[in-house]
Amino acid sequence: MRRSHLQIPATQRDLRSVVALVDAFCGANHVPVTLSNRMNLALDEVLSNIVNYAYSASEGGTIDVELTFSNNELTALVEDRGKPFDPLQVPQNDNQKGSLKDRQLGGLGLLFVKQLMDSVSYARSGDRNKLTLTIHVPST
Amino acid sequence: MDIREVDQDGVLILEPSGNIDSTNAKQFAAQIIGAIQARQCGVVIDFQKIRYVSSAGFRSLLIIGKSMEDSNRKLILCGMAAEVRRVFDFARFDEVFVICSSREDGTAQAR
């Protein structure tokens, strides 16, 4: 199983099925659990952004997630037909420091994605946002 | 969400398991705050059975921390696997909470 695809409605509760897909796909391809957890964490950030911001509440939409594993690379391609949004262009919020009273809620998700992935790329293709997340998987 | 509660040496230890992500973070916060408000003692959240915490979980931890701000009670985090701890370091959450490696240290600090 080198490729696996899932289309889900863009709703919060449907994100659980992506976690199950990532776990099954990584298990079948002998990807270490630390790395599948990393991919699941990054996908939660990306997918919950799409759920919250990509589509109007009245219309809704879908999200496609395709996982591939080849040449020691675990890749997730995430596509939606929502508003154009390049997460790599979002400036990093620099107030994520200090004690509890100084902290504001939010602003960590994209930081985690950039820190945890070996590469992240974005393209707008027709009416689609395409975000590619890649983790290098060392040979055992 | 499955959260085990243990009373140990006058400290409330909460041990959630699984992932803390956008699908369950609100429930995580509500359950933890409910358990904390039912007691008057220090609190340890033990992460040993947590696989990963996404930003939604960090948001919940801030909400939990702020809910205790005026109470004079301690909230200590402990038991994180290296991979989980790494993400807390990205978020600079060692500036927000005391994070101990073992439950014993966490319990001693929460008392």
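A short tour of the structure in this document, coming up. (Residues numbered from 1 in each chain as written. Chains lettered and ligands numbered in written order. Predicted model: local features only at pLDDT ≥ 70, side-chain atom pairs only at ≥ 80, totals over all residues.)

### Comments concerning the interface of chain B and chain A
Size of an interface: often given as the accessible area lost when the parts come together.
Here is step 1: The interface of chain B with chain A comprises 22 residues on the first partner and 25 residues on the second.
Here is step 2: Every element with two or more residues in the side of chain B that touches chain A is listed here: strand S4 (49–53), helix H2 (55–67) and helix H3 (82–90) of chain B.
Here is step 3: No other element matches H2(B), which puts seven residues into the side of chain B that touches chain A.
Here is step 4: Across the side of chain B that touches chain A, the residue classes tally to eight nonpolar, six polar and eight charged. (Contact = placed C-beta atoms within 7 Å. Helix = DSSP H or I, 4+ residues; strand = E, 2+ residues; numbered from the N terminus. Nonpolar A, V, L, I, M, F, W, Y, C, P; charged D, E, K, R; others polar.)

### Thoughts on the pairing of strand S5 (residues 75–78) of chain B
Residues and elements named next belong to chain B.
Here is step 1: Burial along S5 is two-sided: Leu75 and Leu77 facing one way and Ile76 and Cys78 facing the other are all buried.
Here is step 2: Note that strand S3 (residues 42–46) and S5 share four bridges and pair parallel. Bridge pairing in S5 places Val43 opposite Leu75.
Here is step 3: With three bridges connecting them, S5 and strand S6 (residues 98–100) associate as parallel partners. By the bridge assignment, Cys78 is partnered in S6 with Cys100.
Here is step 4: Crossover connection from S5 via H3 to parallel S6: handedness right-handed. (Buried ≥ 20, exposed ≤ 12 C-beta atoms within 10 Å, placed from the backbone. Pairing = 2+ DSSP bridges. Right-handed = clockwise from strand over helix to strand, strands pointing away.)

### What about the pairing of S3(B)?
Along a regular strand, successive side chains alternate from one face of the sheet to the other.
All names here are of chain B.
Here is step 1: Counting buried residues along S3, five of its five residues qualify, which places the element largely inside the surrounding structure.
Here is step 2: Neither face of S3 is left uncovered, since the one carrying Gly42, Val44 and Asp46 and the one carrying Val43 and Ile45 both have all their residues buried.
Here is step 3: One ladder, built from four bridges, connects strand S2 (residues 11–20) with S3; its direction is parallel. Bridge assignment links Leu12 to a residue of S3, and that residue is Val43.

### Things to note about the sheet that holds strand S2 (residues 62–70) of chain A
Strand pairs in the sheet, formed through backbone hydrogen bonds, run parallel or antiparallel to each other.
Residue and element names in this part refer to chain A.
Here is step 1: Pairing is antiparallel across the open sheet formed by five strands, whose spatial order is S1-S2-S3-S5-S4. Strands at the two margins of the open sheet, each flanked by one partner only, are strand S1 (3–9) and strand S4 (119–125). Geometrically, the sheet is characterised by an average inter-axis angle of 15° between neighbouring strands, direction not taken into account.
Here is step 2: Both S4 and strand S5 (residues 128–136) contribute to a ladder of seven bridges, which runs antiparallel. Note that in S5 the partner of Ala123 across the bridge is Lys130.
Here is step 3: Lying over the sheet, helix H2 (residues 33–54) contacts S2, strand S3 (73–80) and S5, oriented at roughly 10° with respect to S3. (Axes fitted to C-alpha atoms, helices over the stretch in contact; angles between N-to-C directions.)

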